[in-house]
Amino acid sequence: MPVEIENIIFSRFVKQTIPFEFISLHELYKRCKQHAFDLSNAHRIEFHALIIITKGEGTHSIDFKVQKLFPGVILPLTKEQVHAFEKQKNVSGFVISFEENLITQNISEQNLFHFLQLFHNPTILIGEENIKLLTPFLDLLQNIITNQNTNLKPELIKSIFMGLLFQIKRHSIYQHKIFESQRFKHFLAFKQLLTETYQDNHNAKDYAKKLSVSYKYLNDVCKEISNKTAKSFIDNWLLLEIKRNISEKKYGSQEIAFKMGFKEPSNFNRFFKKHTGLTPNQFKKNNNLITNS
């Protein structure tokens, strides 16, 4: 049976007045149990998060793919992603949840690019031996969050959190490529434009024109940063959002087709089957939100 996705807003389980929370995974499971919410049910988050694994082994489902968890794994989760924890808590660690604008408002362009590039990765490995290097930043965050003094609190949280991200990036086992800032900026603009106008257009050449760049340039940027052509990036983004919409069980196939910018439901069905081998209805019936598609 398909599982209905619930949208989780930041304030659902958070007690902080500032849109930033730092808690252990143990505390997260405890809070959700108190609210009768099952973390193993897939849910779409309306905020950003960072999961840091310190002990144990397990799995975590993110957008219909399973990520293995073990000490030194860090998962950057972004707004609108669909994810699910394991039923039993088999790992220990921490979860940092926050509204993106707390970090991105009034931030230098260099730090903004570091933040966005880090959260562009599905998973980060720093190695179990490097977990201890994060402890000073985690302790500082804990102290600031629990301190009753609100003077400059958001600014302190932002600075310490950015320091934590720099430390994570510094000790990443697989050194993440630093993209040339202007090209990465165009890639982000392309992603933003796609999320805003996908209902009107699925044509990569039209997106290049709207961004005032050549189609070849947009294609090269997409291949450099996402390992996909501009067209493939659009198709993959549409496919993921369609899967999310189907799994929410709020809309029929025809409604989703129009919502995603397909003028004819038959074109929508062909597009989905071409990329998944299933019709939307077959996916809805077979989906258990933990696949390797």
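Residues numbered from 1 in each chain as written. Predicted model: local features only at pLDDT ≥ 70, side-chain atom pairs only at ≥ 80, totals over all residues. Heavy atoms only, no water.

1. Examining the environment of Ile 160
Consideration 1: Examined against the element boundaries, Ile 160 turns out to sit in helix α5 (residues 153–170).
Consideration 2: For the pair formed by Ile 160 and Leu 138, sequence separation is 22 residues and the distance between their alpha carbons is 8.6 Å.
Consideration 3: Beyond its immediate sequence surroundings of up to four residues, Ile 160 is in contact with Phe 137, Leu 140, Leu 141 and Ile 144. (Helix = DSSP H or I, 4+ residues; strand = E, 2+ residues; numbered from the N terminus. Contact = heavy atoms within 4.5 Å.)

2. Description of unusual backbone geometry
A negative phi angle is the norm for most residues apart from glycine, just as the trans form is the norm for most peptide bonds.
Consideration 1: Phi is positive for Asn 106, which is not a glycine, with a value near 55°.
Consideration 2: Tracing the sequence through the fold places Asn 106 in the loop between α2 (100–104) and α3 (109–118).
Consideration 3: Among the residues examined, Asn 106 registers a relative accessible area of 79% and is labelled exposed.
Consideration 4: Of note in this structure, Leu 152 is not a glycine but carries a positive phi near 60°. (Buried < 20%, exposed > 50% of the residue type's maximum accessible area, 1.4 Å probe, protein only.)

3. Focus: the environment of Pro 19
Consideration 1: Tracing the backbone shows Pro 19 in the loop between β1 (6–8) and β2 (20–24).
Consideration 2: Note: C-alpha distance between Pro 19 and Leu 134 (115 residues apart in sequence) is 22 Å.

4. Brief notes about the side chain of Thr 54
Consideration 1: On the secondary structure map, Thr 54 appears in strand β4 (residues 48–56).
Consideration 2: With residues up to four places along the chain from it excluded, the contact list for Thr 54 reads Pro 71, Ser 92, Gly 93, Phe 94 and Ile 131.

5. Some points on helix α4 (residues 135–146)
Since the α-helix turns once every 3.6 residues, residues separated by three or four places project in the same direction.
Consideration 1: In this model, α4 (12 residues) spans 16 Å end to end at C-alpha, consistent with the 16 Å of a helix rising 1.5 Å per residue.
Consideration 2: Among all positions in α4, only Leu 138, Leu 141, Ile 144 and Ile 145 are buried. An end-on view of α4 places all buried positions within 130° of arc, on one side of the element.
Consideration 3: Packed against the buried residues of α4 are β2, β4, β9 (91–98) and α5. (Expected span 1.5 Å × (residues − 1). Arc of directions from axis to C-beta.)

6. Quick notes on the sheet that holds strand β7 (residues 73–77)
Consideration 1: The 5 strands lie next to each other as β2-β9-β4-β7-β10, forming an open sheet whose pairing is antiparallel. Both edges of this open sheet fall to β2 and β10 (124–125), since each of them pairs with a single strand only.
Consideration 2: Relative to β10, β7 runs antiparallel, the two sharing 2 bridges. Looking across to β10, one finds that Ile 74 is bridged to Ile 124.
Consideration 3: Packing against the sheet, α4 makes contact with β2, β4 and β9, and its axis sits at approximately 120° to β2. (Pairing = 2+ DSSP bridges. Axes fitted to C-alpha atoms, helices over the stretch in contact; angles between N-to-C directions.)

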